[in-house]
Amino acid sequence: MIRRLKYNEIDFDKYSRCLENSEQRKYSASKLFLDITARKNWEILVLNDYEAIMPVPFIRKFGLKIIINPRLCQQLGIFSEKDDVHVNDHFLTFFKKKYNIWYYPFNDQNTFSIPLNQRKNFLIPPAEYEVVRQKYSPKRKRKLRLDEEVLALSEIKDLSMQEASSFISEHLIGTKNDHDKQEFIKTFQDFDKAGSLTITSFLYENKIINSIAVYHDDKTAALLGTFNDKEFVKLSGSSVLIDHVIKKNIKNKIFDFEGSEVSAIEEFFRGFRPELKPYPFLRNSKKEIAKEVLILEKFKNNFL
């Protein structure tokens with residue numbers, strides 16, 4: 001039996017145990033990650049005694065609880081010891097019946113009996129660094145060969161969020177407005193305070209010209225953001241930084257590029273020769289959500 005549990009009803013020990021022992025395990029479904037990105041506005045669907053779990057983040061809009069993934073949270077979905085299409089179908093049916101869904105991504109291991117739309121993600125599984133680097137494209141290998149002058153004037157440093165926040169704020173792209181930008185910065189700051197974020201920066205002549213934000217846990221290093229001074233794009237600082245973080249982590253951890261639907265970014269990621277791992281998702285338009293509001297209002301007027 002599937003139950004719907006609010007945040008304060010969740011047994012987080014059982015939740016975490018199910019997640020960590022699951023075939024589909026994703027760092028983004030952890031309590032820490034969701035507490036920070038969703039600001040604790042999430043609940044779960046659970047099968048029996050935590051045999052399978054499905055985290056469900058939400059916002060309140062149009063007078064309704066609307067399901068949408070929070071910033072920086074790429075994949076959620078169903079987590080169980082073995083991925084089971086029948087169990088997943090059961091969750092999917094329950095989910096679509098009980099919620100107003102704007103956007104919800106499942107994970108790359110979830111399978112269903114009906115086709116769902118898919119998005120792209122890229123991963124490099126754990127391996128020896130030399131093996132991983134050997135697979136890089138010829139173009140990416142060239143980008144990593146810095147000339148002697150650049151090497152003499154540059155360095156790679158891990159910085160605190162406080163040290164890097166001005167650079168990140170100035171070069172953060174894709175935000176709608178200043179409020180949206182500040183929400184991203186706050187999320188990075190909260191991860192930094194939790195000890196789960198590393199800001200690795202490329203300095204040229206003692207000036208930050210590239211930074212990457214990487215979330216990390218025991219099994220994954222995930223690229224949450226890249227920030228670049230466009231005046232120094234020819235120095236290939238982003239390539240150098242990503243290679244540096246891969247080298248430090250890839251022996252024991254998955255490196256998750258967090259995907260992209262932007263063709264130029266996808267091409268950049270593909271230069272590291274990661275594995276393509278598409279994941280299914282549900283999406284409804286604002287018009288469809290608004291229609292649900294009208295139906296609800298009509299129901300209230302007629303029957304309440």
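All values derive from a computational prediction rather than experimental measurement. (Residues numbered from 1 in each chain as written. Predicted model: local features only at pLDDT ≥ 70, side-chain atom pairs only at ≥ 80, totals over all residues. Heavy atoms only, no water.)

The side chains of a regular strand alternate, first on one face of the sheet and then on the other. In terms of residue burial, strand β3 (residues 52-61) counts as a mostly covered element, since seven of its 10 residues are buried. Summarising the sheet, strand β2 (residues 42-47) and β3 pair through six bridges and their orientation is antiparallel. Looking at β3, one finds that Trp42 is bridged to Pro57. As consecutive antiparallel partners, β2 and β3 are separated by four residues, and within that stretch Asn48 has a phi angle of approximately 50°, a positive value. Where β3 lies against strand β5 (residues 79-80), two bridges are found, and the strand directions are antiparallel. Across the sheet, residue Ala52 finds its bridge partner in β5, namely Ser80. Pairing of β3 with strand β4 (residues 64-68), which is carried by four bridges, proceeds in the antiparallel orientation. (Buried < 20%, exposed > 50% of the residue type's maximum accessible area, 1.4 Å probe, protein only. Helix = DSSP H or I, 4+ residues; strand = E, 2+ residues; numbered from the N terminus. Pairing = 2+ DSSP bridges.)

On to helix α9 (residues 237-249), then. The terminal C-alpha atoms of α9 lie 19 Å apart, and with 13 residues this matches the ideal 18 Å at 1.5 Å per residue to within 8%. Judged by how many residues are buried, α9 sits mostly within the fold: 10 of 13 residues are covered. Within the sequence span of α9, burial applies to Gly237, Ser238, Ser239, Val240, Leu241, Ile242, Asp243, Val245, Ile246 and Asn249. (Expected span 1.5 Å × (residues − 1).)

Our next topic: the packing of aromatic side chains. Counted according to the given criterion, the structure contains 24 aromatic pairs. A ring pair is formed by Tyr7 and Phe12, whose centres lie 5.1 Å apart and whose planes are at 55°; its orientation type is tilted. Owing to a relative accessible area of 19%, Phe12 belongs among the buried residues under this scheme. Sitting over the ring of Phe58, Lys65 keeps its end group 4.5 Å from the ring centre. Positioned above the aromatic ring of Phe184, the side-chain terminus of Arg71 is 5.6 Å from the ring centre. (Phe/Tyr/Trp six-rings, centres within 6.5 Å; stacked < 30°, edge-to-face > 60°. Lys NZ or Arg CZ within 6 Å of the ring centre and 35° of its normal.)

Per the counting criterion, the structure on display carries 18 salt bridges. The salt bridge involving Glu266 is made with Lys120; its shortest N-O contact spans 3.1 Å. Of this pair, Glu266 sits in helix α10 (residues 263-270) while Lys120 sits in the loop between β7 (117-119) and β8 (122-124), placing them 146 residues apart in sequence. By relative accessible area, Lys120 is classed as partly exposed at 33%. One salt-bridge network, in which partners are shared between bridges, spans Glu20, Arg25, Asp217 and Lys219. (Salt bridge = Lys/Arg side-chain N within 4 Å of Asp/Glu carboxyl O.)

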